Amino acid sequence: MQKTNWSQDAYIQAWDFACLAHRGQTYKGPQPGIVYEYSNHPAAVAIEVIHALQHHPEYDGDLAIQCALLHDTLEDTPVTFAELVETFGQAVAEGVSALSKDSTLPKGEQMADSLMRICQQPREVWLVKLADRTSNLQYVPPHWSGAKTQAYRTQAWMILEMLGTASPALAQRLAEHIWRYAP
Ligand code: NI
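Rules and cut-offs
Residues numbered from 1 in each chain as written. Predicted model: local features only at pLDDT ≥ 70, side-chain atom pairs only at ≥ 80, totals over all residues. Heavy atoms only, no water. Helix = DSSP H or I, 4+ residues; strand = E, 2+ residues; numbered from the N terminus. Buried < 20%, exposed > 50% of the residue type's maximum accessible area, 1.4 Å probe, protein only. Contact = heavy atoms within 4.5 Å. Donors = N, O, S within 2.8 Å, 3.2 Å for Na, K, Ca; no water. Core = buried A, V, L, I, M, F, W, Y, C linked by side-chain atoms within 4.5 Å.

**Student:** Help me out: how do you make sense of the side chain of Q66 in this one?
**Tutor:** As for its placement among the helices and strands, Q66 is situated in helix α3 (residues 61-70). On the basis of relative accessibility, which here comes to 7%, the residue Q66 falls in the buried class. Discounting chain neighbours no more than four positions away, the residues touching Q66 are A10, Q13, A14, F88 and V92.

**Student:** What is the right way to look at the coordination of the nickel ion in this model?
**Tutor:** Octahedral metals with six donors have ideal donor angles of 90 or 180 degrees. Tetrahedral metals with four donors have an ideal donor angle of 109.5 degrees. Looking at the metal site, the nickel ion is ligated by H41 (NE2), H71 (NE2) and D132 (OD), spaced 2.1 to 2.2 Å from it. Residue class for H41 comes out buried when judged on its relative accessible area of 6%.

**Student:** Would you mind going over the environment of G164 with me for this structure?
**Tutor:** By the secondary structure assignment, G164 is in the loop between α9 (146-163) and α10 (168-180). When the C-alpha positions of G164 and Q31 are compared, they lie 31 Å apart, and in sequence the two are 133 residues distant.

**Student:** Help me understand the environment of A182 in this model?
**Tutor:** Mapping A182 onto the fold places it in the segment after α10. Discounting chain neighbours no more than four positions away, the residues touching A182 are V140 and T149.

**Student:** Just to check I follow, could you spell out the nonpolar core for this structure?
**Tutor:** As a rule of thumb, soluble globular proteins bury nonpolar side chains together. One finds V49, C67, L70, L84, I118 and L127 to be the most contacted residues of the largest nonpolar core, which totals 48 residues. A per-element tally of this core places α3 first, with seven residues. In contact with L70, other than residues within four places in its own chain, are A14, F17, A18, L84, F88, V92 and V96.

Geometry only, nothing functional implied.
As structure tokens, this is what we get:
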């Protein structure tokens, strides 16, 4: 039996924290009128990461999974970096920070800046970005314009190119999602 490189306890700790942090937040589903709880998203990202981890026993699975579950807590909730350090440690807090856009920068520079910071993080954090974009390419949000959709797709190629070496399996899955993503 292969030893796993992550623990249920680390998952549950981050999942509980993320659910509370995102409480009351929702996002739009593929059809008008369908609205999901926000926590649906980090859960989807985490399952992509868990699947990819099977191929990488050398990775710190707890770091990858906790960053996956918490990846939007700094960007989208009142949670602070200090709180993440205190609860999950420095490595998770820094991973989540790299995965967060810097809202003080012009909008057009935010993704490139975040990607640069992710590249300086361990590969576990790269996995989360690959998984995040894979999950976000499940469907085109109904209220998005064609131009916005195309830009999002182009950005996904950039993510794949910069971070794909962290996990060939997840890179392949992201590529498949990019190919079938269309306005
Ligand atoms: Ni996300």
